[in-house]
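Observations on the three-dimensional arrangement
Residue strings, one per chain:
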Amino acid sequence: AKLAVVGSLISAVLSLLYLPDGANKEETILAGSDNQNTEMESMTLKKQRSFLDDVQRSKEIALRVWPLLLVKVAGGVCASMHSTAVPLVLTQSMHFEPQQLGLSMSISMFS
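Structure report, in brief. (Residues numbered from 1 in each chain as written. Predicted model: local features only at pLDDT ≥ 70, side-chain atom pairs only at ≥ 80, totals over all residues. Heavy atoms only, no water.)

With respect to the layout of surface pockets
Computed from the structure, the largest pocket encloses a volume of approximately 720 Å³. As for the largest pocket, its lining consists of 19 residues, and the residues nearest its centre are A1, A79, S83, S108 and M109. At 9 residues, helix α2 (residues 51–92) tops the list of elements feeding residues into the lining of the largest pocket. Tallied by class, the residues present in the lining of the largest pocket amount to 8 nonpolar, 9 polar and 2 charged. (1 Å grid on protein atoms, 1.4 Å probe; cavity = no way out; pocket = protein on both sides within 12 Å on 5 of 7 lines; lining within 4 Å. Points joined across faces, edges and corners; volume = space filled by probe spheres on them. Helix = DSSP H or I, 4+ residues; strand = E, 2+ residues; numbered from the N terminus. Nonpolar A, V, L, I, M, F, W, Y, C, P; charged D, E, K, R; others polar.)

Pasting the structure below:
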């Protein structure tokens, strides 16, 4: 569990460092001159995204990645159940002593 927390924190820090800042989105706006088929002028403006834009974007991302998140949650639940059940099975069914149980749990942390 500690390794998973450390991995999540590292991924969050790396995301903050290397992903582009989405707060200032650049948009190119084309403005025509007086004649319809003459050259077009392009100008770049900075547009601040609103809260609703961020919510909409988060919804789009969630709809795309929900299967991955579901697998992560299911794997976490299974790992938690396993780490809870193994000591009970070892002590009650296999009659492990506390030293043997500690050794077993220590070895399972590395595998």
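So that's the structure; there's more coming.
Quick look at the pattern of salt bridges
Evaluated as defined, the whole model comprises 1 salt bridge. Between E60 and R57 there is a salt bridge, with the nearest N and O atoms lying 3.7 Å from each other. Note that E60 and R57 are positioned in helix α2 at a spacing of 3 residues, about one turn of the helix. (Salt bridge = Lys/Arg side-chain N within 4 Å of Asp/Glu carboxyl O.)

Quick notes on a nonpolar patch on the surface
A grouping of V6, I10, V13, L14, L17 and Y18 is seen on the molecular surface, where their side chains present a nonpolar patch of about 630 Å² in accessible area. Within the element layout of this structure, L14 appears in helix α1 (residues 2–18). (Patch = residues over 30% accessible without salt bridge, like charges linked within 9 Å, V, L, I, M, F, W, Y side chains within 5 Å. Areas by Shrake-Rupley, 256 points an atom, 1.4 Å probe, with all protein chains shown as cover.)

Digging into the packing of α2 against helix α3 (residues 98–110)
The geometry of α2 relative to α3 is characterised by a closest axis approach of 10 Å and an angle of 150 degrees between their N-to-C directions. Overall, the two elements α2 and α3 adopt an arrangement that is roughly antiparallel. Judged by the twist between their axes, the crossing of α2 over α3 is right-handed. Across the interface between the two elements, P87, L90 and T91 from α2 touch L101, S104 and M105 from α3. For the contact of α2 with α3, a count of residues per class yields 4 nonpolar, 2 polar and no charged. (Axes fitted to C-alpha atoms, helices over the stretch in contact; angles between N-to-C directions. Parallel < 35°, antiparallel > 145°, perpendicular 65-115°, else oblique. Left-handed = near helix turned anticlockwise from the far one by under 90°. Contact = heavy atoms within 4.5 Å.)

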